[in-house]
Amino acid sequence: AIGGLSGTGKSSLARMIGCDIGRIPGARILRNDVLRKRLAGVPPETRLAASTYTVAAAERVYEALEIAASTMLANGQSVIADAVFGSGVERDAIKASADTVPCRFDGIWLTASDHTRLDRVAHRKTDASDANADVALAQSHLQIGDLAYWRSVSTDDPLHVAADNLRAVLSIGAT
């Protein structure tokens with residue numbers, strides 16, 4: 001699982017390291033933003049109204065993520081679950097999805113300065129994420145809580161450097 005606030009590089013890094021995880025062709029990336037759009041019945045690049053981002057909607061999206069991850073893992077497919085995972089409940093639930101198989105679970109929490117995050121969000125092209133600078137800035141005040149078994153990786157460096165650091169933390173691929 002790869003979590004962190006908007007603009008930390010979750011989706012970019014998942015794509016960069018996915019081929020290094022599991023058997024060829026690599027890990028299946030399950031992106032929370034894409035699942036949200038699928039559940040809403042719209043293409044991934046369609047922006048949803050802020051009013052659709054409710055607690056109940058978030059719970060449905062995370063539940064869909066957990067079910068998809070469990071199903072793929074049970075079928076022998078490696079998975080990268082890509083979401084904010086801003087609460088301990090969300091982090092524990094995605095780990096429980098892996099534990100049902102059982103299989104190796106790595107929880108990675110990405111960190112980056114507000115400046116880096118806001119710059120990345122501002123330079124996004126068409127993307128499944130609806131997070132803008134206001135959302136990213138508001139997330140700076142979230143109480144993330146104890147990361148317990150999740151490992152933190154800084155992504156303030158360029159993403160290719162962060163990808164190498166992430167590979168080293170996970171002991172995968174060539175750095």
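Up top is the structure.
Rules used throughout
By convention here, each chain's residues receive numbers from 1 onward along its written sequence. Only residues with pLDDT of at least 70 get local features here, since the model is predicted, and only at 80 or more are side-chain atom pairs given and counted; chain-wide, interface and lining totals rely on the full set of residues. Side-chain measures were taken over the full set of non-hydrogen atoms in the model, leaving aside hydrogen atoms and water. Helix and strand labels come from DSSP, where a helix needs a run of H or I of at least four residues and a strand needs a run of E of at least two; each type is numbered from the N terminus. Contacts between residues were defined by any pair of non-hydrogen atoms, one from each residue, lying within 4.5 Å. Among buried residues, the Ala, Val, Leu, Ile, Met, Phe, Trp, Tyr and Cys ones that are joined through side-chain atoms within 4.5 Å form a nonpolar core. To sort residues, take the accessible area from a 1.4 Å probe on protein chains only and compare it with the maximum for the residue type: under 20% means buried, over 50% means exposed, and anything in between is partly exposed. Aromatic pairing here means that ring centres of Phe, Tyr or Trp (its six-membered ring) are within 6.5 Å. Orientation follows from the plane angle: under 30 degrees is stacked, over 60 is edge-to-face, and everything else is tilted. Geometrically, a charge over a ring is one whose NZ (Lys) or CZ (Arg) sits within 6 Å of the ring centre while staying within 35 degrees of the ring normal. A side-chain nitrogen of Lys or Arg and a carboxyl oxygen of Asp or Glu constitute a salt bridge if their distance falls within 4 Å.

**Q** Looking at this structure, how should I read the environment of Ala-14?
**A** With respect to the element layout, Ala-14 can be found in helix H1 (residues 10-17). As for Ala-14 and Val-79, which are separated by 65 residues in sequence, their C-alpha atoms are 9.9 Å apart. In this structure, Ala-14 is in contact with Ile-2, Ile-29 and Ile-80, ignoring residues within four places of it in sequence.

**Q** What am I meant to see in the nonpolar core here?
**A** One broad rule of soluble globular proteins: the nonpolar side chains tend to lie buried together. In this structure, Ala-1, Leu-30, Leu-65, Phe-85, Ile-94 and Trp-150 are the most contacted members of the largest nonpolar core, which totals 22 residues. Those elements giving two or more residues to this core turn out to be helix H3 (55-74), strand S3 (79-82) and helix H4 (88-99). Broken down by element, the residue count for this core peaks at 7 residues, all from H3. Non-local contacts of Phe-85, meaning those with residues more than four positions away in its chain, are made with Ala-1, Ile-2, Gly-3, Tyr-62, Leu-65, Glu-90, Arg-91, Ile-94, Trp-109 and Trp-150. If you look at the next biggest cluster of nonpolar residues, it comprises 15 residues, including Ile-17, Ile-21, Ala-27 and Leu-110.

**Q** Looking at this structure, how should I read the packing of aromatic side chains?
**A** Note on aromatic pairs: each is described by the distance of the centres and the angle between the planes. By the definition in use, this model includes 4 aromatic pairs. Ring centres of Phe-85 and Trp-150 lie 5.5 Å apart, and the angle between their planes is 55°; on these two criteria the pair is classed as tilted. Taken together, the residues span a long stretch of sequence, with Phe-85 in the loop between S3 and H4 and Trp-150 in strand S5 (residues 150-154) at a distance of 65 residues. No difference in accessibility class separates Phe-85 from Trp-150, as the two residues are buried. Relative to Tyr-149, the ring of Phe-105 lies with its centre 6.2 Å away and its plane at 70°, an arrangement referred to as edge-to-face. Of this pair, Phe-105 sits in the loop between H4 and strand S4 (107-111) while Tyr-149 is found in the loop between helix H6 (133-139) and S5, placing the two residues 44 residues apart along the sequence. Cluster of aromatic residues (ring-pair linked, three or more members): Tyr-62, Phe-85, Phe-105, Tyr-149 and Trp-150. Over the aromatic face of Tyr-149 sits the side chain of Lys-95, whose NZ or CZ is 5.6 Å from the ring centroid.

**Q** What is the right way to read the pattern of salt bridges from this model?
**A** This structure, assessed with the given rule, holds 11 salt bridges. Of the charged contacts, one joins Arg-31 and Asp-82 as a salt bridge, the two residues approaching to 4.0 Å between their closest N and O atoms. Linking Arg-31 in strand S2 (residues 28-31) with Asp-82 in strand S3, this pair joins segments that are 51 residues apart in sequence. The burial state of Arg-31 is the same as that of Asp-82; both residues are buried. Of the charged contacts in the structure, one is a salt bridge between Asp-130 and Arg-47, with a shortest N-O distance of 3.9 Å. Of this pair, Asp-130 sits in the loop between helix H5 (114-122) and H6 while Arg-47 sits in the loop between helix H2 (32-40) and H3, and the two are 83 residues apart along the sequence. You can call Asp-130 buried: its relative accessible area is 9%. In this structure Arg-47 comes out as exposed when scored by relative accessible area, which is 53%. Overlapping salt bridges, with partners in common, bring together Arg-31, Asp-33, Asp-82 and Asp-127 in one network.

**Q** How do you make sense of the environment of Gln-143 when you look at a structure like this?
**A** Its location among the elements puts Gln-143 in the loop between H6 and S5. Overall, Gln-143 belongs to the exposed group, its relative accessible area being 74%. With 137 residues separating them in the primary sequence, Gln-143 and Ser-6 have C-alpha atoms 14 Å apart.

In short, shape yes, function no, at least from these values alone.
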